[in-house]
Number of protein chains: 2
Amino acid sequence: MDLTFDLSSISTEALTAMHAELEQQHQRLVAANLKLDLTRGKPAPEQLDLSLPLLDLPGEGDYKAADGTDARNYGGLTGLPEVRQIWGEVFGVPAGQLIEGGNSSLALMHDALVNNVLFGVGDADSEPWRQIKFLCPVPGYDRHFTILEGLGIEMISVPLHEDGPDMAIVKELVAADPSIKGIWCIPKYSNPTGSVFSAEVIAELASMSTAAADFRIFWDNAYSVHHLTEEEVGVADILAACEEAGNPDRAYVFASTSKITTAGSGLSFFGSSAKNVAWYQKFMFRRTIGPDKINELRHVRFLPDAASVKALMSQHRAIIAPKFELVLSILDKHLGGTETATWTTPKGGYFISLEVPDGCAARVVGLAKEAGIALTPAGATFPYGRDPRDSNIRLAPTFPSLSELAQATEGLAVCVKLAAVEKALAAGAAS
Amino acid sequence: MDLTFDLSSISTEALTAMHAELEQQHQRLVAANLKLDLTRGKPAPEQLDLSLPLLDLPGEGDYKAADGTDARNYGGLTGLPEVRQIWGEVFGVPAGQLIEGGNSSLALMHDALVNNVLFGVGDADSEPWRQIKFLCPVPGYDRHFTILEGLGIEMISVPLHEDGPDMAIVKELVAADPSIKGIWCIPKYSNPTGSVFSAEVIAELASMSTAAADFRIFWDNAYSVHHLTEEEVGVADILAACEEAGNPDRAYVFASTSKITTAGSGLSFFGSSAKNVAWYQKFMFRRTIGPDKINELRHVRFLPDAASVKALMSQHRAIIAPKFELVLSILDKHLGGTETATWTTPKGGYFISLEVPDGCAARVVGLAKEAGIALTPAGATFPYGRDPRDSNIRLAPTFPSLSELAQATEGLAVCVKLAAVEKALAAGAAS
């Protein structure tokens, strides 16, 4: 179909013809027996190959840290000093306020929250977080919501704009309700919208009045160096902003190397005020003797400074930026300039957020599934897996090859159109 | 002093002379400015050298698991199948009932208990573990007690004998009090006593009537292959025993490679009934995308089967058994056959448990500290750090060199004698 796909002023007859043709196209897709996957934000094998040297590092005779510590033995709860220094520079956190804590930043977020639930935030007067609520900018990251749901924490959705959460709504809510204890934030290249928090939004988050004295910002800086353009977008320093605003303990910062080196065998980090870091350390001490210092040393040898991280990330960009461009160009070819779909054009991160007509997202995902194209379940980007408008679909272009991506996105466009035409026909029949 | 050290029928004059001589010996120790450490059960550098090949494994081109999984990417929550198979055989747990979960078995214990505290044990009618109690065989492992104390769980000490906990006391307590929800067990070469649970004790633990339907045995199998003698002591299979006794979900098994390969960069394991493994997995899913599969692969390449683990452990034994023999021989030379001190002669594990006269342990540790010999704080082997008799001292002979061990144990013997003589003099003065 090269004709412009415009359902705004189309006759029922034309709509019916279009439906028949789209159904045929969809049937051909189904018959093609595809096996394509746009679901998870996984690095491609070519990206993982960039870190192949890690697989034989640190090397047989190399196990001493800079201070002489034998990295093969127990101890060192907060991580090797050089690891904290290098990655503190990368993530913009003072080395002394950064802890390395294993292979999963999600686990650090989970554990911080569990500690809050069981014991509060560590102030003398702080109570365990029982029957509390959290603000969830949407669309957002399903695993954030899963942690909250597992702990029985009520989730309140707030709109996420290009420059961050809707601060008018956020400020009103947190000022009024002391049971709202926290907010999830992915400040840069947010999952899935690619939103980048503006300096104004960050200043407001840091300074806003909260009814809860123990309010915490869970700052998941998952994509801080994951640029897709020359621009290399920066965001304001949340810890400094909180400090300046007189709320030095408000933010917990999380980050990892999962999409920098290898996924699942990287390093992860917790950063905050010195007071919060001491608090977190107390719980880490109960849980473990220390992190995997050999893996820390491996990363130090491979990425000895912030400049080497930057160089590596530009190699990642060279691999994945063309994938994003391809998906965006195919979406544009089939759906550009129509009212049927809109999507984000991220400057970094791992996702494209696609908006289809209200009530169509689940249908699109279902049609795609029939055609062998796996999409993230509709609703996954919302608390409780429920997208109130049933319109958002998260696309993850990094893992598939370019040819697979082309096939999958072409097929996706057919499914979006078919679902939109079905809706238009149903609306016509109902009117 | 070559004379037999016997305070049982000694005159006050002789005691006073002995005291003067021991004080002189102690002063010479202090002047020697030693810096020796018998505190923690850490492997010696020579032991860590046995696993040097791990430092460049799996090797640059090697990242595929047996089933083709790219170990560099996300996923695989329960661990690679070959890891579960190999270590299932080592630890005597069916591969399908064993999860690999990172670098710290202590963390797995902690998390299991946190899950119990927050959500119960996973049965339809199970309640969160609030205001509960735990049985703690003593002397025991301080980090076990730290987890309980942190969670506000009341600890009840029960005596640990050579063949396991005092089961008459255990059975009476668990039958009577439904708030007693669990017991810590280190079934083989227990920390610090070297106790080995007998088949009878294990059968009783598995079958005993508990007032709490959700009673759990936390089975920390930390030293299962850590033999110090040819005997290679075995213990009964707790999961099978629980199954046979009609309590299939009673035991959580924990183990790690921390003292097999490298400490802090090894693998750790949770094993239990299929039902409990599914339960644990649910919480792991909330917390993480998966374990470090590259580290799993590294271990698979280095230790491809249970036989290779056995061979490695005999090399460990060759290094550390002489250290235990040295400490035991020096203790025997100075304190053997007296009533002043007794100690364990472990067939495996990492510790010797020393009993000094009641009320003397803290004094011995203090005297040793003055002499530059660091000992585990008196009381550490008891809940809340309080040894009611103040008599137990944990010795960790693995890390120091033989010459350091000789110096430290000679010095320790002086401190034990001096504390005992001080006590005898004080008793004489009081009578």
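Summary of the structure given here. Just so it is clear, the model here is predicted, and its values are computed rather than measured.

Rules used in this analysis
Residues numbered from 1 in each chain as written. Chains lettered and ligands numbered in written order. Predicted model: local features only at pLDDT ≥ 70, side-chain atom pairs only at ≥ 80, totals over all residues. Heavy atoms only, no water. Least-squares fit on C-alpha atoms with pLDDT ≥ 70 in both. Contact = heavy atoms within 4.5 Å. Pairing = 2+ DSSP bridges. Helix = DSSP H or I, 4+ residues; strand = E, 2+ residues; numbered from the N terminus. Axes fitted to C-alpha atoms, helices over the stretch in contact; angles between N-to-C directions. Buried < 20%, exposed > 50% of the residue type's maximum accessible area, 1.4 Å probe, protein only. Salt bridge = Lys/Arg side-chain N within 4 Å of Asp/Glu carboxyl O. Disulfide = S-S within 2.5 Å. Core = buried A, V, L, I, M, F, W, Y, C linked by side-chain atoms within 4.5 Å. Polar contact = N/O pair within 3.5 Å; in protein donor to acceptor, adjacent residues only side chain to side chain. Buried area = accessible area lost by both parts, 1.4 Å probe. Nonpolar A, V, L, I, M, F, W, Y, C, P; charged D, E, K, R; others polar. Left-handed = near helix turned anticlockwise from the far one by under 90°. Lys, Arg positive; Asp, Glu negative; His and termini not counted.

## Topic: the relation of the copies chain A and chain B
At step 1: Note on the copies: chain A fits chain B at an RMSD of 0.0 Å, the axial shift is 0.0 Å, and the rotation between them is 180 degrees. In short, the pair behaves as if placed about a two-fold rotation axis. Distance from the rotation axis, computed per C-alpha, reaches its smallest value in chain A at Asp56 of chain A: 1.9 Å.
At step 2: The overlap is high: 100% of the interface residues of chain A also sit at the interface in chain B, so the same surface is used on both sides.

## What to know about the sheet that holds strand S8 (residues 251-256) of chain B
Residue and element names in this part refer to chain B.
At step 1: An order of S2-S9-S8-S7-S6-S3-S4-S5 is seen for the eight strands of this open sheet, with the pairing classed as mixed. The sheet terminates laterally at strand S2 (98-100) and strand S5 (164-165), the two strands that pair on one side only.
At step 2: Here strand S3 (residues 133-138) pairs with strand S6 (residues 180-185) via three bridges, running parallel. Each bridged residue has a counterpart across the sheet, and for Phe134 the counterpart in S6 is Gly182.
At step 3: Helix-sheet contacts for helix H3 (residues 81-91) involve S2, S8 and strand S9 (268-271), and the interaxial angle to S2 is about 120 degrees.

## Concerning the pairing of strand S13 (residues 392-395) of chain A
All names here are of chain A.
At step 1: Burial of S13 is two-sided: the residues Asn392 and Arg394 facing one way and the residues Ile393 and Leu395 facing the other way are all buried.
At step 2: Bridging between strand S11 (residues 352-355) and S13 involves four bridges; their strand directions are antiparallel. The partner of Glu355 across the bridge, within S13, is Asn392.

## Focus: the sheet that holds strand S10 (residues 342-343) of chain B
At step 1: Read from one edge of the open sheet, three strands run S10-S11-S13 (chain B), paired in antiparallel fashion. Each edge of the sheet is formed by a strand with only one pairing partner; in this case those strands are S10 and strand S13 (392-395) of chain B.

## Structural notes on unusual backbone geometry
At step 1: Cis geometry is adopted by the peptide bond preceding Pro139 of chain A, which originates at Val138 of chain A and carries an omega value of -5 degrees.
At step 2: Take Pro139 of chain A: it is sitting in the loop between strand S3 (133-138) and helix H5 (142-150).
At step 3: With an omega of 0 degrees, the peptide bond between Leu57 of chain B and Pro58 of chain B qualifies as cis.
At step 4: Look at Tyr384 of chain A: it is not a glycine, yet its phi comes out positive at around 60 degrees.
At step 5: Within the element layout of this structure, Tyr384 of chain A appears in the loop between strand S12 (373-374) and S13.
At step 6: Residue Tyr384 of chain A is classed as partly exposed on the basis of its relative accessible area of 31%.
At step 7: Here Asp390 of chain B, not a glycine, exhibits a phi torsion of approximately 50 degrees, which is positive.

## Focus on the pattern of salt bridges
Residues and elements named next belong to chain B.
At step 1: Evaluation of the coordinates by the stated rule reveals 36 salt bridges over all chains.
At step 2: One salt bridge connects Asp123 with Lys275, and the closest N-O pair in it is separated by 2.5 Å. A residue pair is termed long-range when its members are at least 10 positions apart, and Asp123 in the loop between helix H4 (105-119) and S3 and Lys275 in helix H9 (residues 274-287) qualify at 152 residues.
At step 3: Using a relative accessible area of 42% as the deciding quantity, one classes Lys275 as partly exposed.

## Comments concerning the state of the cysteines
Residue and element names in this part refer to chain B.
At step 1: Under the definition given, this model contains zero disulfides over all chains.
At step 2: Left unpaired, Cys185 is separated from the closest cysteine sulfur, that of Cys242, by 9.8 Å.
At step 3: Assessed through its relative accessible area of 1%, Cys185 is described here as buried.

## Here we look at the nonpolar core
At step 1: Counting 171 residues, the largest nonpolar core has Leu375 and Leu395 of chain A together with Leu375 and Leu395 of chain B as the members making the most contacts within it.
At step 2: Dropping the residues within four chain positions of it, Leu395 of chain B is found in contact with Leu38, Val327, Leu331, Tyr350, Phe351, Ile352, Leu354, Leu375 and Leu412 of chain B.

## Considering the pairing of S6 of chain B
All names here are of chain B.
At step 1: Burial runs high along S6: six of the six residues are buried.
At step 2: Across four bridges, S6 lies against strand S7 (residues 216-220) in parallel orientation. Looking across to S7, one finds that Trp184 is bridged to Phe218.

## Some points on helix H10 (residues 293-302) of chain A
At step 1: H10 of chain A sits mainly inside the fold: nine of its 10 residues count as buried.
At step 2: Residues of H10 of chain A that are buried include every one of Lys293, Ile294, Asn295, Glu296, Leu297, Arg298, His299, Val300 and Phe302 of chain A, and no others.
At step 3: Buried-residue contacts for H10 of chain A involve helix H3 (81-91), strand S2 (98-100) and helix H11 (306-335) of chain A together with helix H10 (293-302) of chain B.
At step 4: Of the residues flanking the start of H10 of chain A, the one acting as N-cap is Asp292 of chain A, its side-chain oxygen 3.1 Å from the backbone nitrogen of Ile294 of chain A.

## Remarks on the interface of chain A and chain B
A common way to report how large an interface is uses the accessible area buried once the components associate.
At step 1: Facing the 55 residues of chain A at the interface are 55 residues of chain B.
At step 2: Interface area, chain A with chain B, both sides summed: about 4,800 Å², of which 54% is carbon and sulfur.
At step 3: Sorting the residues of chain A by area buried against chain B places Arg72, Tyr74 and Arg287 of chain A first, and these three jointly supply 18% of that buried surface.
At step 4: The tally of links from chain A across to chain B stands at four salt bridges.
At step 5: Notably, a salt bridge pairs Arg287 of chain B with Asp111 of chain A, separated by 2.6 Å at the nearest N-O pair.
At step 6: In this structure, the connection of chain A to chain B is made through 23 residue pairs in polar contact (both at pLDDT 80 or more).
At step 7: Secondary structure elements with two or more residues in the side of chain A that touches chain B: helix H2 (45-49), helix H4 (105-119), H5, helix H9 (274-287) and H10 of chain A.
At step 8: The element best represented in the side of chain A that touches chain B is H4 of chain A, accounting for eight residues.
At step 9: Of the residues assigned to the side of chain A that touches chain B, the class counts are 25 nonpolar, 15 polar and 15 charged.

## Some words on the packing of helix H1 (residues 12-32) of chain A against helix H13 (residues 402-430) of chain A
Residue and element names in this part refer to chain A.
At step 1: Two numbers describe how H1 lies on H13: the axes approach to 9 Å, and their chain directions differ by 145 degrees. The interaxial crossing formed by H1 with H13 has left-handed handedness. For the pair H1 and H13, contact is made by Leu15, Thr16, Met18, His19, Leu22, Glu23, Gln25, His26 and Leu29 and by Gly411, Val414, Cys415, Lys417, Leu418, Val421, Glu422, Ala424 and Leu425, respectively.
At step 2: Across the contact of H1 with H13, the residue classes break down as 10 nonpolar, five polar and three charged.

## Comments concerning the side chain of Arg286 of chain B
At step 1: Mapping Arg286 of chain B onto the fold places it in helix H9.
At step 2: Put simply, Arg286 of chain B is tucked away with no salt bridge, and the nearest opposite charge, on Glu149 of chain A, sits 8.3 Å away.
At step 3: Of note is the side chain of Arg286 of chain B, whose polar atom sits 3.2 Å from the backbone oxygen of Gly150 of chain A.
At step 4: Apart from the residues lying within four places of it in its own chain, the contact partners of Arg286 of chain B are Leu106, His110, Thr146, Ile147 and Gly150 of chain A together with Phe119 of chain B.

## Topic: H3 of chain B
All names here are of chain B.
At step 1: Of all 11 residues in H3, eight are buried; the element is thus mostly enclosed.
At step 2: Of all the positions in H3, only Glu82, Val83, Arg84, Ile86, Trp87, Gly88, Val90 and Phe91 are classed as buried.
At step 3: For H3, the elements touching its buried residues are S2, S8, S9, H10 and helix H11 (306-335).
At step 4: Just past H3, the residue Gly92 takes up positive phi, approximately 70 degrees.

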